[in-house]
Amino acid sequence: MTQISTVISAPKLYLLTNDDEFALLYRKLEAALATGFIALLQIRRKQILALSDGEPRLYEEARQIVELAKAYNVPVVINDNIKLAAKLGVGVHLGQQDGEVTDAKHELQSNQVIGRTCHGKIELVEEAKNEGVSYAAMGAIFISNTKPNANVISRQQLIDGCQQNIAICVIGGLTAENVTELAGLPITYVAVVGDIMDLPVDQIAARCKQWQQAFSQWKTPA
């Protein structure tokens, strides 16, 4: 097994929205952001976007979420929508079929985050690096309730991605318990949806703290 050398920093928690009714979603986000443990927030509301009035509703929701995140100094990215990201002055995450990095760079401010889905393919990670994105997302790491049909990547694929000299985000089925299986890998972000957002509001803060405790035990491999 290929070893990763040098001192490894703990990753940061990257929270994605779910499809809760907006008032509930907002309360959950506020509970999570107030912990100070969230480093990056992605607005992903595909069920809303699918409605006949989805575009204006998504804009209004996103506007409120961006204002909330600003209050806690947490940067925001919009899923797959460069125009909306530009309108709101935030970053964007792009799937492989959901827009070009060059367009995002043209539309967004230079300090905004641009993420790219790379699955388990090293050539896509290398391409993302060459295009100058902020991070490359790899996964699914485990079977995910959010995307149950996503292919789970191997540990070696993830290790190979971590050796490409670009910030790596892992996503897919991650929990505060199983994330420790990745300890020692130089991962920048751990993206989470269900393990936090599917909980009741009054359990969100405690779960974020459990994530922080898991990261505090990050270590280099033997």
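For the structure itself, look to the data block above.
Values in this document were obtained by computation on a predicted structure and should not be read as measured data.

1. Here's the deal with the packing of aromatic side chains
So, point 1. Evaluated as defined, the whole model comprises 6 aromatic pairs.
So, point 2. Grouping aromatic residues by their ring pairs yields a cluster made of Y14, Y135 and Y189.
So, point 3. Here K87 stacks its cationic end above the ring of Y59, 4.2 Å away from the centre of that ring.

2. Quick notes on the nonpolar core
So, point 1. Core analysis: the largest hydrophobic core is formed by 66 residues, its most contacted members being L158 and W211.
So, point 2. Counting residues per element, this core draws most heavily on helix α3 (residues 54–71), which supplies 6 residues.
So, point 3. Beyond its immediate stretch of four places on either side in the chain, L158 contacts M138, I141, I153, I168, V170, L182, L185 and I187.
So, point 4. Listed in part, the 11 residues of the second largest apolar core include L40, Y135, C169 and Y189.

3. Side note on the environment of T35
So, point 1. Tracing the chain through its elements places T35 in the loop between α1 (22–33) and β2 (38–43).
So, point 2. Note: C-alpha distance between T35 and C208 (173 residues apart in sequence) is 7.2 Å.
So, point 3. The residues touching T35, leaving out its near neighbours within four places in the chain, are A205 and C208.
So, point 4. A distance of 2.6 Å separates a polar side-chain atom of T35 from the backbone oxygen of A32.

4. A short note on the pattern of salt bridges
So, point 1. By the definition in use, this model includes 7 salt bridges.
So, point 2. Among the salt bridges present, the one from R45 reaches E61, with a minimum N-O distance of 2.8 Å. With R45 in the loop between β2 and α2 (46–49) and E61 in helix α3, the pair connects residues that are 16 residues apart, well separated along the chain.
So, point 3. Here R207 ties to E177 by a salt bridge, and the two come within 2.7 Å at their closest N and O atoms. Taken as a pair, R207 in helix α9 (residues 201–216) and E177 in the loop between β7 (168–170) and β8 (189–192) lie far apart in primary sequence, 30 residues in all.
So, point 4. We classify R207 as buried; its relative accessible area is 11%.
So, point 5. Several salt bridges share partner residues, and in doing so they unite E177, D195 and R207 into one network.

The rules behind the values
- Residues numbered from 1 in each chain as written.
- Predicted model: local features only at pLDDT ≥ 70, side-chain atom pairs only at ≥ 80, totals over all residues.
- Heavy atoms only, no water.
- Phe/Tyr/Trp six-rings, centres within 6.5 Å; stacked < 30°, edge-to-face > 60°.
- Lys NZ or Arg CZ within 6 Å of the ring centre and 35° of its normal.
- Core = buried A, V, L, I, M, F, W, Y, C linked by side-chain atoms within 4.5 Å.
- Buried < 20%, exposed > 50% of the residue type's maximum accessible area, 1.4 Å probe, protein only.
- Helix = DSSP H or I, 4+ residues; strand = E, 2+ residues; numbered from the N terminus.
- Contact = heavy atoms within 4.5 Å.
- Polar contact = N/O pair within 3.5 Å; in protein donor to acceptor, adjacent residues only side chain to side chain.
- Salt bridge = Lys/Arg side-chain N within 4 Å of Asp/Glu carboxyl O.

Everything listed here is a matter of coordinates, which is why it stays silent on function.
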